[in-house]
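Here is what each chain is made of, one letter per residue.
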Amino acid sequence: MLARYAVWMGEHRDEIEALLVKETGKSATDAAQEVPLLIMIASYYIKTMEKALAPEPRPASLLFLAIKKVEVHYRPRAVVGIIAPWNYPVANALMDAIGALAAGCAVLLKPSERTPLTAELLLRGGWIPVRPRCWRWLRARVRCRRPSSTTPISSSSTGSSATGAKVMERAARRLTPVSLELGGKDPMIVLEDADVDLAAHAAVWGAFFNAGQTCVSVERVYVLEPLYDQFVAAVVRDVNKLKVGAGDGYDFGSLIDESQVAVTERHVADARAKGAKVLTGGQRPKGPGSFYPPTVLVDVNHSMACMTEETFGPTLPIMKVSSVDEAIRLANDSPYGLSGSVFSNDIERAKAVAVQLDCGAVNVNDVISNLMCTTAPMGGWKTSGMGARFGGAEGLRKYCRQEAVVAPRTNVGAGGNYYNNSPKALRRMNKLMTKLALITPRRAAK
């Protein structure tokens, strides 16, 4: 079924992308990224799902427990509810759904009210629409006080941190497990030995892809002082080449609506009022549509909203720092912790910085690329979420309940600590078990 659906998406890619442009105002360049990502995810799970979900034998924790044969079985939850956002109406709707379906779950998808048309189109590939009356019935069941013992459900939500908190609060009423991929304020650190052009290209693409409406976009940059001027000049050079508009021939398109433009305008105005300089953009163009130009800000600091609040718009604030320690401290000075990036020609040095950042993923000499690495978990720390999508086998097992099945390898030795044994036999058994269990701790304690 997943294979047929992947083929259907490939055959209808042009139609899906054309509707994406009409519904969201994306450029054709941005709209072209969503379907290929889903096909990659489906292809990966098609190859790995059978092994990932097969009963998994577990070794005995201690030698004398080898008389037991332990298996872990992965049994799918009956229903997985997915609340999808508007910024990637196709990819965010289905990247979790594919894993849940592969695990054997039924999926209920709630698309954003801002982007319902692409969800309707995706139904043609083999999904069943739930009509409003059915959705109201389901919502009443999900909210009921007494959870059903026969219909375990889970919820997966992608969106803002505030929305995630509301989903988690409601799910907690009936102990529904949740997976939340929420907001971000992803930092990029540019060390003094970085490739200037590579870092500039990455920063511009990472900040302005999809008009900055990406949870893992580059939202703030910290540049070591020796490279700062060169980096800023390279960024401005790249930004001046960008074309803003919907459809073909443009680099990135409009924001989703006026409310998102208002957030971007507020952050830019706040930065200006507090002493920041605007090197590109910073002024909404005249004409129809929710467009905002690529805006580069310098002389920024953490008193400004553009450095501390999620903008989700086409801004790129760049801050000069005097040391790597200062860059790390400022990067971690955030309630968010989704992902980040580090640029340096010394890969090992960059990795040493990466593991000091408080976030779920770090890209070295690249941005956003962890989203393509489905063998690795994709999730956030702090208010950027809980749980993770993908992660190899765990990307499927998260939609399952784990059941341990313990069977005897032989009947000899069973019941050594039962009540029907004599007190003397029980003491002897417990003494032997303790002695054997202490072998490794005593060796390690030396």
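Our subject is the structure that appears above.
What this report covers is the structure whose coordinates are included nearby.

Things to note about the overall build of the chain
Along its length, the chain carries 17 helices and 19 strands. Of all 446 residues assigned to the chain, the portion counted as buried reaches 48%. Contacts in the chain between residues at least 24 apart in sequence constitute 71% of all its contacts with a sequence separation of at least 6.

Digging into the pattern of salt bridges
The final tally for this structure, using the stated rule, is 21 salt bridges. Of the charged contacts, one joins Asp197 and Arg237 as a salt bridge, the two residues approaching to 3.1 Å between their closest N and O atoms. In this pair, Asp197 sits in helix H9 (residues 196-208) while Arg237 sits in helix H10 (residues 225-239), placing the two residues 40 residues apart along the sequence. For Asp197, a relative accessible area of 36% translates into the label partly exposed. One network of salt bridges, with partners in common, ties together Glu56, Arg58, Glu394 and Arg397.

Brief notes about the sheet that holds strand E2 (residues 68-76)
What the three strands build is an open sheet, ordered E1-E2-E19; its pairing is antiparallel. The strands lining the two open edges of the sheet, one partner per strand, are strand E1 (56-58) and strand E19 (400-408). Across this sheet, the average inter-strand angle for adjacent strands is 30°, counted without regard to direction. Here E1 runs beside E2; their pairing, made up of three bridges, is antiparallel. Each residue of the ladder has a partner; that of Glu56, found in E2, is Val72.

Re the environment of Val196
As for its placement among the helices and strands, Val196 is situated in helix H9. When the C-alpha atoms of Val196 and Phe291 are compared, they prove to be 29 Å apart, with 95 residues separating the residues in sequence. Setting aside its immediate chain neighbours within four residues, Val196 contacts Leu227, Gln230, Phe231 and Ala234.

Topic: the pairing of strand E4 (residues 106-110)
Each regular strand shows side chains that alternate between the opposite faces of the sheet. Bridge count for strand E3 (residues 79-83) against E4 is five bridges, and the pairing is parallel. Residue pairing across strands places Gly81 opposite Leu108, the latter belonging to E4. In this view, the connection linking E3 to its parallel neighbour E4 by way of helix H5 (residues 91-103) has right-handed handedness.

Things to note about the sheet that holds strand E10 (residues 295-298)
Read from one edge to the other, the open sheet built from seven strands follows the order E9-E10-E11-E8-E7-E13-E14, with strand pairing classed as mixed. The open sheet is flanked by strand E9 (277-280) and strand E14 (361-364), the only strands paired with a single partner. Shown here is a sheet whose adjacent strand axes are inclined to one another by a mean of 25°, direction ignored. Lying on the sheet, helix H14 (residues 347-354) is in contact with strand E7 (187-190), strand E13 (339-343) and E14; it crosses E14 at an angle near 160°.

Comments concerning the packing of aromatic side chains
On inspection of all chains with the given rule, the structure shows six aromatic pairs. Here Trp86 and Phe312 contribute two aromatic rings whose centre-to-centre distance is 5.6 Å and whose plane-to-plane angle is 85°, an arrangement assigned as edge-to-face. Taken as a pair, Trp86 in the loop between E3 and H5 and Phe312 in the loop between helix H12 (305-308) and strand E11 (315-321) lie far apart in primary sequence, 226 residues in all. Look at Trp86 and you get buried, because its relative accessible area is 13%. Here Phe312 falls in the buried class, since its relative accessible area comes to 12%. Between Trp205 and Phe209 the ring centres are 5.0 Å apart and the planes differ by 35°, which places this aromatic pair in the tilted class. Among the residues examined, Phe209 registers a relative accessible area of 9% and is labelled buried. In textbook terms, an aromatic cluster arises when at least three aromatic residues are bridged by ring pairs, as seen for Tyr88, Trp205 and Phe209.

Analysis parameters
Each chain carries its own residue numbering, running from 1 in the written order of its sequence. Restriction of local features to residues with pLDDT of at least 70 applies here, the model being predicted, together with a cutoff of 80 or more for giving and counting side-chain atom pairs; totals for whole chains, interfaces and linings are based on all residues. Side-chain metrics in this entry use all non-hydrogen atoms of the structure; hydrogen atoms and water are not considered. Under the scheme used here, helices are H or I runs from DSSP no shorter than 4 residues and strands are E runs no shorter than 2 residues, and both carry numbers assigned from the N terminus. Throughout, exposure labels follow a simple rule: accessible area from a 1.4 Å probe, protein chains only, divided by the maximum for the residue type, with under 20% read as buried, over 50% as exposed, and the rest as partly exposed. Whether two residues are in contact is decided by their heavy atoms: any pair within 4.5 Å suffices. Between Lys or Arg on one side and Asp or Glu on the other, a salt bridge is scored when a side-chain nitrogen of the former is within 4 Å of a carboxyl oxygen of the latter. Whether two strands pair comes down to DSSP finding at least two bridges between them. Angular values range over 0 to 180 degrees, each being the angle between N-to-C directions of two axes fitted as lines to C-alpha atoms, with helices fitted over their stretch in contact. A crossover counts as right-handed when, viewed with the strands pointing away from the observer, the path leading from the first strand over the helix to the second turns clockwise. Pairing of aromatic side chains here covers Phe, Tyr and the six-membered ring of Trp, requires ring centres within 6.5 Å, and sorts the geometry by plane angle: under 30 degrees stacked, over 60 edge-to-face, intermediate tilted.

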